[in-house]
Amino acid sequence: MSGGDRAIGGKLGAPGHDVQVAVARGPEAVAPGVLETGAHAVALEDAARGRDAVILAIPFGVAGQLADLFASVPAETVVIDTSNYYPHLSGRIEAVEGGAVESVYTSEILGRPVVKAWNAAVAETQRTKGVPAGTPGRIAMSGRAWRSASPPSAPIPPWRTSSR
């Protein structure tokens, strides 16, 4: 988990949610600072099993490597993606460069709908401004999700119909 992901884990763990964290290198590779939030380190295969929601805090474009893992996750499990596309970090992705919406691209490579959230604010903002309602200086981040791969009444993006 990155700093922002620790902030999310801490915010979710504080009120008593069962937060599990997995990294590709195994449970022993989860940073101790992440576990201080009350999260539990688990194997990657166990992270999405039996969960109401799964938060993907991974580099953009890597979700396709988890498609097999998510194939067995129930449709009612909400998958939340926190990544942002930065070509200098993740390499150029033709579909996104051609206009694909990041969440739709991730949904397609993962093989299921995803919700894009918490990617509009850096870790320090999430840590210091994610405070209870009524607190001076509190901020809000918008979000939107739908069950299908495309929003209602949205035209099919040209990158989804091209022969590239």
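Below is a summary of the structure that appears in this document. (Residues numbered from 1 in each chain as written. Predicted model: local features only at pLDDT ≥ 70, side-chain atom pairs only at ≥ 80, totals over all residues. Heavy atoms only, no water.)

### A few points about the packing of aromatic side chains
Then, in step 1: Going through the model one piece at a time under the given rule, you end up with 2 aromatic pairs.
Then, in step 2: For the ring pair F60 and Y85, a centre distance of 5.4 Å and an interplane angle of 55 degrees mean the geometry is tilted. With F60 in the loop between β3 (53–56) and α4 (67–70) and Y85 in the loop between β4 (78–81) and α5 (87–90), this residue pair connects regions lying 25 residues apart in the sequence. No difference in accessibility class separates F60 from Y85, as the two residues are buried. (Phe/Tyr/Trp six-rings, centres within 6.5 Å; stacked < 30°, edge-to-face > 60°. Helix = DSSP H or I, 4+ residues; strand = E, 2+ residues; numbered from the N terminus. Buried < 20%, exposed > 50% of the residue type's maximum accessible area, 1.4 Å probe, protein only.)

### What about the sheet that holds strand β5 (residues 115–116)?
Then, in step 1: Spatially, 3 strands are ordered β3-β4-β5 in an open sheet, and the strand pairing comes out parallel. The open sheet has two edge strands with one neighbour each: β3 and β5.
Then, in step 2: Sheet topology places β4 next to β5; 2 bridges connect them, and they run parallel. In the sheet register, I80 faces β5, and the bridge partner there is V115. (Pairing = 2+ DSSP bridges.)

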